[in-house]
Amino acid sequence: MLDRLQSVEDRYNRLNELLSDPDIISDSKKLREFSKEQSDIEETVQAYREYKEVVSQYKDAKAMLEDKLDDEMYAMVKEEMDELSTRQEELEARLKILLLPKDPNDDKNVIVEIRGAAGGDEAQLFAGDLYKMYSRFAEAQGWKTEVIEATSTELGGYKEIIFSVNGAGAYSKLKYENGAHRVQRVPQTESGGRIHTSTATVAVLPEAEEVEVEIHEKDIRVDTFTSSGPGGQSVNTTMSAVRLTHLPTGTVVSCQDEKSQIKNKEKAMKVLRARVYDKVQREVQAEYDQNRKLAVGTGDRSERIRTYNFPQSRVTDHRIGLTIQKLEQILQGKLDEVIDALIVEEQAEAMQNAEE
């Protein structure tokens, strides 16, 4: 581990030199590439440097014990050594995590797709609740959200809503939300007071750059139509809505949120690129999963990942067996406790696999 850490620090020092090179500074592509690489390893280097300093201080303190010390000084040195030993163990544990392979998509913006599934009107209302939950969580993180496409219902829910989340590390936290979310509550539409179970599905796609997924214009069929609102009624007399079909994969994306056809096409292209990129990533992941599969973060959207139980104010994440009695806080976007637990579980699993 120490050899790997030293290599990371050597690379960090080399990047410092490169970022001061006039030739690199004048090359915006290389400057951006090296700056990102340096940023990605900076936390690891800082922790490693602190680790080396702690080890050095421990050795110095240990050497002092070989001198003739009075009882008071001896006790002070021993106490310092105990503190340094504890800190060294903490840093070693942290460095092991920092050296784990990182998901290359973690820093990306995301496209989130929420759809009402089993449960009719209630499922669509729950889809709206999930959208509000993620919007509030994103706001608390300092991220920006933008609706790309939404098919709303007369009761205020969504058959489908697609929105982007832009911000540092958006995918690293939201990727755990992939899957089926189940709600247990008395629906607004239920007069008898019976508890119903409904579901909504969530898909979190890393936003793809043009260089990451090649989509040719000749492979896209573009259809335009008038936009519509709840119930299918026309809300626009111009052909501003856009439907894109990626012929090689059969992927279809529609967008009618903007009044401008050009803006709708831009938004639809963003979703299309993300879906095609996601398809390629999943094919690669499926091949990897034949050999080994992490317990968390597989992104299987047919899997029921979480239950929101209103009568007991309980939220349960079934992947890690976590149950917390904070339903209202969770729906207000306070997801950190759940997501942090999922991150810790995935890191533990990854460390175990690395040691095998």
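Here, the structure is the one placed above.
One numbering rule holds for all chains: residues counted from 1, following each sequence as written. Owing to the predicted nature of the model, reporting of local features is limited to residues with pLDDT of at least 70; listing and counting of side-chain atom pairs is limited to 80 or more, with chain, interface and lining totals taken over all residues. Working from all heavy atoms in the structure, the side-chain values ignore hydrogens and water.

Comments concerning the pattern of salt bridges
Next, step 1: We define a salt bridge as a side-chain nitrogen of Lys or Arg found within 4 Å of a carboxyl oxygen belonging to Asp or Glu. Summed over all chains, the structure comprises 22 salt bridges.
Next, step 2: The residue R115 makes a salt bridge to E160 at a minimum N-O spacing of 2.7 Å. With R115 in strand β1 (residues 110–116) and E160 in strand β3 (residues 158–166), this residue pair connects regions lying 45 residues apart in the sequence.
Next, step 3: Notably, a salt bridge pairs R306 with D317, separated by 3.1 Å at the nearest N-O pair. Of the two residues, R306 is situated in strand β9 (residues 304–309) and D317 in strand β10 (residues 314–317); the sequence distance between them amounts to 11 residues. Each member of the pair, R306 as well as D317, carries the same accessibility label: buried.
Next, step 4: One connected set of salt bridges, linked through shared partners, spans E113, R115, E160 and R275. Working definition: helices are DSSP H or I runs of at least four residues, strands are E runs of at least two. Numbering for both runs from the N terminus. The rule is simple: take the accessible area with a 1.4 Å probe, protein chains only, and divide by the maximum for that residue type; under 20% is buried, over 50% is exposed, in between is partly exposed.

Description of the sheet that holds strand β7 (residues 241–246)
Next, step 1: Only strands that DSSP links by at least two bridges are regarded as paired with each other. With antiparallel pairing, the three strands of this open sheet are ordered in space as β6-β7-β8. What marks the edges here is a single partner per strand, and that holds for β6 (220–225) and β8 (251–255). The sheet shows a mean angle of 15° between the axes of neighbouring strands, direction not considered.
Next, step 2: By the bridge criterion, five bridges tie β7 to β8 in an arrangement that is antiparallel. Paired with V242 across the strands is C255, a residue of β8. Fitted lines through C-alpha atoms serve as axes, helices being fitted only where they are in contact, and the angles separating the N-to-C directions of these axes extend from 0 to 180 degrees.

Observations concerning the side chain of E160
Next, step 1: Polar contact is defined as a pair of N or O atoms within 3.5 Å, subject to the rule that within protein one atom must be able to donate a hydrogen and the other to accept it, and that residues adjacent in sequence are counted only when both atoms are side-chain atoms. Among the polar contacts listed, one links the side chain of E160 to the side chain of R115, at a separation of 2.7 Å.
Next, step 2: Contact criterion: two residues are considered in contact whenever any of their non-hydrogen atoms come within 4.5 Å of each other. If sequence neighbours within four positions are ignored, E160 has contacts with I114, R115, E149, A150, T151 and R275.

Focus: the packing of aromatic side chains
Next, step 1: Within 6.5 Å between ring centres, the rings of Phe, Tyr and Trp (the latter by its six-membered ring) count as paired, and their orientation is classed by plane angle as stacked under 30 degrees, edge-to-face over 60, tilted in between. Throughout the structure, instances matching the rule amount to four aromatic pairs.
Next, step 2: Consider the rings of F126 and Y308, whose centres lie 5.4 Å apart with planes at 65°: the pair is edge-to-face. With F126 in helix α5 (residues 120–141) and Y308 in strand β9, the pair connects residues that are 182 residues apart, well separated along the chain.
Next, step 3: Judged by relative accessible area, which is 0%, F126 ranks as buried.
Next, step 4: The buried category is assigned to Y308, whose relative accessible area is 0%.
Next, step 5: Summarising the aromatic geometry, the rings of F137 and W143 are spaced 5.7 Å apart at their centres and angled 85° between planes, so their arrangement reads as edge-to-face.
Next, step 6: A network of ring pairs unites the aromatic residues Y131, Y158 and F163 as a single cluster.
Next, step 7: For a ring to carry a charge above it, either NZ of a lysine or CZ of an arginine must fall within 6 Å of the ring centroid while also lying within 35 degrees of the normal to the ring plane. In this structure, R185 is placed above the aromatic ring of F310, and the distance from its NZ or CZ to the ring centre is 4.9 Å.

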